[in-house]
Amino acid sequence: LGLAQAQAPKLPQKDSYKVGFAQTENNNPWRIAETKSMQDVAKTCNWNLVYADAGGSAAKQVADVENMIAQKVDLIVLAPREEKPLIPAVMKAKKAGIPVILIDRNVDQKVAAAGRDYVTFIGSDFVDQGRRAAEWLVKATGGKGKIVELEGTTGSSPANNRKKGFDDVIAKQPGMKIVASQSGDFARDKGRQVMQTLLQAHPDVTAVYAHNDEMAVGAIAALEAAGKKPGQDVLVVSIDGTKDALTAIAAGKMGATVQSSPFFGPITCETARKYAKGEKIPAWVKVEDKFYDKSNAQAMMADGY
Ligand code: GYE
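Residues numbered from 1 in each chain as written. Predicted model: local features only at pLDDT ≥ 70, side-chain atom pairs only at ≥ 80, totals over all residues. Heavy atoms only, no water.

Caption draft 1: Region of the structure containing the pairing of strand β6 (residues 145-151). Counting buried positions along β6 yields six of seven residues, so the element is predominantly enclosed. Pairing analysis gives seven bridges linking β6 to strand β7 (residues 176-183), with the strands arranged parallel. Along β7, the bridge assignment pairs Glu151 with Ser183. You can see the chain leave β6, run along helix α5 (residues 157-171) and come back into β7, and the turn it takes is right-handed. (Buried < 20%, exposed > 50% of the residue type's maximum accessible area, 1.4 Å probe, protein only. Helix = DSSP H or I, 4+ residues; strand = E, 2+ residues; numbered from the N terminus. Pairing = 2+ DSSP bridges. Right-handed = clockwise from strand over helix to strand, strands pointing away.)

Shown next as structure tokens:
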């Protein structure tokens, strides 16, 4: 029985690295922008990138990481689809002496720890994103409304925490109620379908909070198909900052979106370099996010992807 290593594996200083990037899925604008950011930085950071797309399957993503371990990469950059199922993959990499940097989504903090099992988590404050979305809605409605919440991928850190941040703010509003909260798996057409179904049970809904822009855009389509005017009859707020969302805000169909940047390439390169030099890396490298509403969506269109 070997003693568990107290610290995450080190990254030696080298001119170039073989880096595995285990992506969750690559079928929407946010993921495509993130993948491109990693591929672009691979050139300037001297990375030979081993890329794998899990296609929306945690089991496939675990196998992808195992493959990278077998290929003896120097570093694994992992965007863990869900909080719990990816932990065994993180532990296997640790056992093989390969450092892991988590980007964009986190793993369960009750089981795995930054600095001990993986180097760090680079990403947004999802609780705060949910809070900011709720605060916008409270202000826009004067604290009134029946809300449908479209949740992200079940068991993922952004879905868990975006729900927490939003629900906590709404719970303090006596005039507001979340009438339904259901997963749309962060996907546009799923969001549309779930919204269509929920509208039948709750035709009097006055607001939609979607955990990402893809589901918000899907919900807008469902609202329009049901003869509602999104942005007027039903306010829509979400998270990400995609081009489609900024366009919907400028057109008055969507109220606001909290940014969640997908551009992890440069910050991941910088963090890996610092780690190789032996610098102390914080447990959480926090990404700061902007906020888009009617006042700036048109002007900030170039931020979109
Ligand atoms: O908001 C969503 C994507 O993990 C932060 O995942 C990311 C989220 C992002 O599918 O659009």
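There is more to say after this.
Caption draft 2: Structural view of the sheet that holds strand β2 (residues 47-53). Taken together, the six strands give an open sheet; going across it, the order is β2-β1-β3-β4-β5-β11, and neighbouring strands pair in parallel fashion. What marks the edges here is a single partner per strand, and that holds for β2 and β11 (284-287). In this sheet, adjacent strand axes meet at a mean angle of 20° when their direction is disregarded. Across seven bridges, the pairing between strand β1 (residues 17-23) and β2 is parallel. Bridged to Val19 within β2 is Leu49. (Axes fitted to C-alpha atoms, helices over the stretch in contact; angles between N-to-C directions.)

Caption draft 3: Region of interest: the side chain of His211. When you line up the elements, His211 lands in the loop between β8 (207-210) and α7 (213-225). Looking at His211, the relative accessible area reads 0%, which means it is buried. In this structure the side chain of His211 is engaged in a polar contact, spanning 2.8 Å, whose partner is the side chain of Glu149. The residues touching His211, leaving out its near neighbours within four places in the chain, are Glu149, Leu150, Glu151, Gly152, Ala159, Arg162, Lys163, Phe186 and Ile239. (Polar contact = N/O pair within 3.5 Å; in protein donor to acceptor, adjacent residues only side chain to side chain. Contact = heavy atoms within 4.5 Å.)

Caption draft 4: Geometry of the pattern of salt bridges. In the structure shown here, the tally under the stated rule is 28 salt bridges. We note a salt bridge from Asp185 to Arg81, for which the minimum N-O separation is 3.6 Å. Note that Asp185 is positioned in the loop between β7 and α6 (188-201) and Arg81 in the loop between β3 (75-78) and α3 (87-95), a separation of 104 residues in sequence. A residue is classified by how much of its surface remains accessible, and Asp185, at 24% relative accessible area, is partly exposed. For Asp244, the salt bridge goes to Arg188, with nearest N and O atoms at 2.6 Å. Of this pair, Asp244 sits in helix α8 (residues 243-250) while Arg188 sits in helix α6; the two residues are 56 residues apart in sequence, bridging distant segments of the chain. Residue classification places Arg188 among the partly exposed residues on the basis of a relative accessible area of 31%. Taken together, the shared-partner salt bridges in this structure form one network comprising Glu25, Arg81, Glu82 and Asp185. (Salt bridge = Lys/Arg side-chain N within 4 Å of Asp/Glu carboxyl O.)

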